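# Structural overview
Residue-level listing of the chains:
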Amino acid sequence: MQAMTVLITGATSGIGKATAEILGSNGFNLILCGRREERLAQLKKELWAKTQVHTLQFDVRDKDEVFKAVQSLPTDFRQIDVLINNAGNAHGLDPIDQGSTEDWEAMLDINVKGLLYVSKAILPQMVERKAGHIINIGSLAGKEVYPKGNVYCASKHAVDAINQGMRLDLNEHGIRVGAVNPGLVETEFSDVRFKGDAQRAATVYKGYQPLKPEDIAEIIYFVLTRPYHVNIADLVVLPTTQASSTIVKKEL
Ligand code: NDP
Ligand code: 8X3
């Protein structure tokens, strides 16, 4: 049987990169996406002995770039069996009255509209084949709201709603749709949120054991390797020390 092809957005770091590594090691063909071209090239080099890899460099905010990138796929990569909508970030952590409109726009444009653009570019072929699998990376922030999380939480609540909406609308086409919603995972997420302030970012993961990107990647691998009649619709995955967005048992 021909290996399945998986397109991963946000494959240049964190959860997306770890997912590329585990799927590549298990023989899935990969289409890896992100803005940082050198990281995509490095990952392709790392994985090419294990599997077939194609990279697409685009910003999910740019609708035309998204559609052009998907249309540019070479024949061997044109059939996308699995889409992992992972690209996303938080920008800022401010009370709503002090938040920056640029940060709000970035989060809504990337986490919500970007996810929709990529999905729209790929869904028609899944609908035509009456097969496919979409895994949306949501967040605990899509299930709860925490102080100063306002717009990031709104963007992830939107992902939760889109995940449910996709499942309803794509049901008649036999397409699997599900979400994986992590709690605290140590990635570049907090570097981005705090705009490169590494010291502030490090405090987020201090005094307890957060999840590693590999923990989520293993779960994504499990989700997509279930028999086709099994759809894991919605998973929340937390570090053991985290009870909710605001309750984390620290050892310090
Ligand atoms: P990282 O910052 O490590 O990775 C984010 C990825 O998204 C990068 O590969 C980045 O690639 C890509 N990305 C960001 N903006 C854009 C854009 N405009 N266009 C294209 N790609 C983009 O963070 P994580 O791995 O933690 O985040 C991955 C997902 O997991 C996100 O959706 C996040 O919301 C979610 N999540 C993370 C949690 C955490 O605690 N870390 C918890 C819950 C959910 P590049 O910069 O090269 O474009
Ligand atoms: C990322 C986790 O708690 O920083 O979605 O919002 S959190």
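The present account deals with the structure reproduced in this document. Every value quoted in this text rests on a predicted model; they were computed, and no experiment measured them.

The helix and strand inventory of the chain stands at eight helices and seven strands. On C-alpha atoms alone, the chain measures out to a radius of gyration of 18 Å, which is about the 18 Å that the 2.2 N^0.38 rule sets for 252 residues. Seen through its C-alpha atoms, the chain measures out along the principal axes to roughly 50 × 40 × 35 Å. For the chain, the residues scored as buried account for 40% of the 252 residues in total. Here the contacts in the chain between residues at least 6 apart in sequence split such that 70% fall between residues at least 24 apart.

Bringing the site of ligand 1 into the picture now. What surrounds ligand 1 is a group of 29 residues, the closest being G10, G14, G34, R35 and G88. At the level of secondary structure, the elements contributing two or more residues to the shell around ligand 1 comprise α1 (14-25) and α6 (189-193). No other element matches the three residues that α1 contributes to the shell around ligand 1. Here the residues of the shell around ligand 1 are counted per class, giving twelve nonpolar, twelve polar and five charged.

Turning our attention to the nonpolar core. Counting residues in each nonpolar core, the largest one holds 60 residues, and the members touching the most others are L7, I8, L30, L32 and I220. It is helix α4 (residues 101-129) that contributes the most residues to this core, seven residues altogether. Apart from the residues lying within four places of it in its own chain, the contact partners of I220 are T19, I84, I135 and V180.

Next up on the list: the site of ligand 2. Around ligand 2, a shell composed of S139, L140, A141, G149, L184 and S245 is seen. Looking at side-chain class alone, the shell around ligand 2 contains three nonpolar, three polar and no charged residues.

Moving on: unusual backbone geometry. You will see that K148, though not glycine, has its phi angle at about 70°, which is positive. If you trace the backbone, K148 turns up in the loop between β5 (133-137) and α5 (150-170). For K195, which is not glycine, the phi torsion reads 55° and is therefore positive. Relative to the elements of secondary structure, K195 occurs in the loop between α6 and α7 (198-204). Among the residues examined, K195 registers 11 C-beta atoms within 10 Å and is labelled exposed.

Parameters and conventions
- Residues numbered from 1 in each chain as written.
- Chains lettered and ligands numbered in written order.
- Predicted model: local features only at pLDDT ≥ 70, side-chain atom pairs only at ≥ 80, totals over all residues.
- Helix = DSSP H or I, 4+ residues; strand = E, 2+ residues; numbered from the N terminus.
- Rg over C-alpha atoms; globule rule 2.2 N^0.38 Å.
- Buried ≥ 20, exposed ≤ 12 C-beta atoms within 10 Å, placed from the backbone.
- Contact = placed C-beta atoms within 7 Å.
- Near = placed C-beta within 6 Å.
- Nonpolar A, V, L, I, M, F, W, Y, C, P; charged D, E, K, R; others polar.
- Core = buried A, V, L, I, M, F, W, Y, C linked by C-beta atoms within 7 Å.

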